[in-house]
Amino acid sequence: MPHQQFMQRCIALAQNASGFTSPNPMVGAVLVHNGNIISEGWHHYYGAAHAEVNCLDNLPAALKHLIPEATMYVNLEPCAHYGLTPPCANRLVAEKVQRVVIANTDPFAEVNGKGIAILRQNNIEVVTGVQQQEGYWLNRRFFAFHTRKRPYIILKWAQTPDGFIGTPNKGPVRITGAECQTLSHKWRTQESAIMVGFTTALNDDPQLTARLHTGKQPLRIAIDRNKLIPHTHNLHNIDAATWIVNETDETVLGNVHYIKVSFDDALLNALLARMYDARLLSVIVEGGAHLLESFIAAGLWDEARIFTGGPALNEGVAAPILNGGTTAFSTSVGQDLLQVQTNPASGFVYPVGADL
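Figured I'd write up the structure that's included with this text. (Residues numbered from 1 in each chain as written. Predicted model: local features only at pLDDT ≥ 70, side-chain atom pairs only at ≥ 80, totals over all residues. Heavy atoms only, no water.)

1. With respect to the overall build of the protein
Cut-off, in case you're wondering: Counting from the N terminus, the helices are the DSSP runs of H or I reaching at least four residues and the strands are the DSSP runs of E reaching at least two. When we talk radius of gyration, it's over C-alpha atoms, and the globule rule is simply 2.2 Å times the number of residues to the 0.38. Exposure categories follow from relative accessible area, calculated using a 1.4 Å probe and restricted to protein chains: below 20% of the type maximum is buried, above 50% is exposed, and the middle band is partly exposed. Note on contacts: a residue pair is in contact if any heavy atoms of the two residues lie within 4.5 Å. Every accessible area reported is derived by Shrake-Rupley at a probe size of 1.4 Å, with residue values counting cover from the shown protein chains alone.
A count of helices and strands for the protein gives 10 helices and 17 strands. A globule of 356 residues ought to have a C-alpha radius of gyration of about 21 Å, and the protein, at 22 Å, matches this closely. In terms of principal-axis extent, the alpha carbons of the protein reach across some 70 × 45 × 35 Å. The proportion of buried residues among the 356 residues of the protein is 52%. Put simply, of all contacts in the protein between residues at least 6 apart along the chain, 69% involve residues at least 24 apart. Total accessible area on the protein is roughly 15,500 Å²; 50% of this is exposed by carbon and sulfur atoms.

The structure is reproduced here in C-alpha cells:
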C-alpha cells in the first residue's frame, strides 16, 4: 500500500472528530510495519491526547518491539511544544520510530517546522507533502486561522430557482426541504460560530442551534448596532452562547456577550479580529442578504454553500451574487440542489471526492 493510501487513512480517521478539536486541528495517525497497519489513532477532542500518542498507546504490547522498524503516517506535523499535552515529536523520538510521513507542515508558530527538525535531529527519516492538498482542505479552518489571522469564512444561503432568498416583505420563507435543514444543522456543529444580520435576527427570530444533529453548539453572533433585538427573542435564551455586536456596549449578561465594534467601513475586519482573539477558527454566515453581500464585496469569504429549491417567488429579496467563485461540486440533497464554491483568492482547493 503506497504512501498516499496510508495518508488517506489518516485523513479519514481525523474526520471522526469533526467539530470537536477546535481550536486544534483534526489529525489522524497510522503506524505501519512491512506494509501493514499495526495501530491507528486520532485526536478525539480539544485537550485530549494527540493522534500520534493515541496511535502508539493503541498498539498491542506484543507488537511494541516493531516500533523501531515502523513508519508513522500523520496528516499534520507532530507538535514540538508543551501545550495541554507534551510534544508529540518527543514521544516519537523516545519510541524510536524509524520514519514519519507527513501531509502538511503545521502553520502554528510554536511548531511550523520545529517538529520536523526534532525528528531529523534524532535520525528519524521524515517525508513531507504526501496528500498535501487533501490535508490542507481537511484543516482549512486551522490553516486560515494561522496564516490569515482570521476565521475561515463560509457563506450559506437558500435561494429559489429564480434567484430570491426572501419574500418582498422580508418575512421568513421555507425554500428547501427537511434534508437540507438537517444537513445545515450538521454543518453548524462543525464550525466555531454562526452569524446573521440584524434583519434576519429581528424578523426571523432564529434559534441558530444544531438541534437536529448531535454535536457542539456554535457561538451565535448577531449584528445589532443599536441593541434592538428583544430579550424575548431566541438569541437571548440559554441554548448556546451569543455575541450581540453593537456600537455602544461591551458587557456580559448571562450567556450573552455584547461586543462593541465601530460600525464603519472596517466593521467586518474589526469583528473578525475579535473572533481571532477569541480563538474562533471558523464562522458560517447564514444571512441575510445585506450581510452576505458585505462579506462578498469585501472579498472576505473562503467557501460558499448554496441551496436551490422550492417554487419560484417571482419577486422578493434577491440572492447574493458571488464574484469569481470556483465551483467545487454540485449534488442533490432531497429534492433540492447544493452547490459548493470556493474563493480562488483564499487558496483552498477542493480535492475531488473530499468531505466538507
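2. Notes on the sheet that holds strand β3 (residues 71-76)
Just so we agree on the cut-off: Two strands form a pair only when DSSP identifies at least two bridges running between them. Helix axes are fitted to C-alpha atoms over the stretch in contact, other axes to C-alpha atoms as well, and angles between N-to-C directions run from 0 to 180 degrees.
The strand order β2-β1-β3-β4-β5 describes an open sheet built from 5 strands, whose pairing is mixed. Each edge of the sheet is formed by a strand with only one pairing partner; in this case those strands are β2 (36-42) and β5 (125-127). Neighbouring strand axes in the sheet, compared pairwise and without regard to direction, differ in orientation by 20 degrees on average. The pairing of strand β4 (residues 99-104) with β5 spans 3 bridges and is classified as parallel. Looking at β5, one finds that R99 is bridged to E125.

3. Focus: helix α10 (residues 289-297)
Of all the residues in α10, the buried ones are A289, L291, L292, F295 and I296. Phi turns positive, to about 70 degrees, at G299, one or two residues after α10.

4. A short note on the nonpolar core
Quick note on the threshold: The criterion is simple. A nonpolar core is a set of buried Ala, Val, Leu, Ile, Met, Phe, Trp, Tyr and Cys residues joined through side-chain atoms within 4.5 Å.
Counting residues in hydrophobic clusters, the biggest one holds 54 residues, and the most contacted among them are L31, M72, L92, V100, L119, A222 and F307. One finds L219, I221, M275 and L280 within the second-largest nonpolar core, a separate group that totals 34 residues.

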